[in-house]
Amino acid sequence: QVQLVESGGGLVQPGGSLRLSCAASGFTFSIYAMRWYRQAPGEERELVAVISSYGGGTNYADSVKGQFTISRDNAKKTVNLQMNSLKPEDTAVYYCNVYRNSDYWGQGTQVTVSS
């Protein structure tokens, strides 16, 4: 059914950038809002960014406003997260999420910000 597959994580130096992608399948992607979450070790999962179904509305956690940008391509059924000016505190596993009667999650992709 619903499948979400994240990619693009890795090791980056402070101040660097990464672009995460999430490939979606198994549902009508274009009519659902999509979300990015992250979870650092020992911490609760945090909602990072939300994008409306058509891509015209976005919301961000205060911690990443002006730093991250969420976008989507409904033709390709992907949602992206552009992360700039990365800081060590951005280190986490990043998850793609959709709510369709219940929450669905990708497997996560590791982002490590370290010198």
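The coordinates are above.
First, a word on what this report is: a plain description of the structure on this page. Position numbers for residues start from 1 in each chain and track the written sequence from start to end. Only residues with pLDDT of at least 70 get local features here, since the model is predicted, and only at 80 or more are side-chain atom pairs given and counted; chain-wide, interface and lining totals rely on the full set of residues. To get the side-chain values, all heavy atoms of the structure are used, and hydrogens and water are removed first.

Quick look at the overall build of the chain now. Numbering goes from the N terminus for both helices and strands, where a helix is a DSSP run of H or I of at least four residues and a strand is a run of E of at least two. Summing up its helical and strand segments, the chain has 0 helices and 11 strands in all. Of the regular secondary structure in the chain, the N- to C-terminal order runs β-β-β-β-β-β-β-β-β-β-β. The globule rule is 2.2 Å times the number of residues to the power 0.38, and the radius of gyration it is compared with is taken over C-alpha atoms. Over its C-alpha atoms the chain spans a radius of gyration of 13 Å, differing by no more than 12% from the 13 Å that the globule rule assigns to 115 residues. Dimensions along the principal axes, computed over C-alpha positions, put the chain at roughly 40 × 25 × 20 Å.

You will see that Lys77, though not glycine, has its phi angle at about 55 degrees, which is positive. Locating Lys77 in the fold gives a position in the loop between strand S7 (68–73) and strand S8 (78–83). Its identity as a non-glycine residue notwithstanding, Asn101 has a phi of 75 degrees, on the positive side.

Before going further, it helps to examine the pairing of strand S9 (residues 92–99). When accessible area is computed with a 1.4 Å probe and restricted to protein chains, residues below 20% of their type maximum are described as buried, those above 50% as exposed, and intermediate ones as partly exposed. Counting buried positions over the 8 residues of S9 gives 6, a clear majority of the element. Strands qualify as paired when DSSP identifies two bridges or more between them. Pairing analysis gives 5 bridges linking strand S4 (residues 34–39) to S9, with the strands arranged antiparallel. Along S9, the bridge assignment pairs Arg35 with Asn97. For S9 and strand S11 (residues 109–113), the ladder comprises 3 bridges, and the chain directions are antiparallel.

The tendency in soluble globular proteins is for nonpolar side chains to be buried as a group. For this analysis, a nonpolar core means a set of buried residues of the types Ala, Val, Leu, Ile, Met, Phe, Trp, Tyr and Cys, connected via side-chain atoms within 4.5 Å. With 29 residues, the main nonpolar core has Leu4, Met34, Trp36, Val79, Leu81, Met83 and Tyr94 as its most contacted residues. Mapped by element, the contributors of at least two residues to this core are strand S3 (18–25), S4, strand S5 (46–51), S7, S8, S9 and S11.

Here the focus is the pattern of salt bridges. What counts as a salt bridge is simple: a side-chain nitrogen of Lys or Arg found within 4 Å of a carboxyl oxygen of Asp or Glu. Counting across every chain of the model gives 3 salt bridges. Of the charged contacts in the structure, one is a salt bridge between Arg38 and Glu46, with a shortest N-O distance of 2.9 Å. Residue classification places Arg38 among the buried positions, given a relative accessible area of 8%. In this structure, Asp62 and Lys65 form a salt bridge, with 3.0 Å as the shortest nitrogen-oxygen distance. Assigned by exposure class, Asp62 and Lys65 land together as exposed.

What follows concerns the state of the cysteines. Only a pair of cysteine sulfur atoms within 2.5 Å qualifies as a disulfide here. Within this structure, the stated rule accounts for 1 disulfide. Here Cys22 is linked by a disulfide to Cys96, with a sulfur-sulfur distance of 2.2 Å. Since a negative S-S torsion denotes a left-handed disulfide, the Cys22-Cys96 link at about -80 degrees is left-handed. Here Cys96 lies in strand S9 and Cys22 lies in strand S3, a separation of 74 residues in the sequence. Classification of Cys22 as buried rests on a relative accessible area of 1%.

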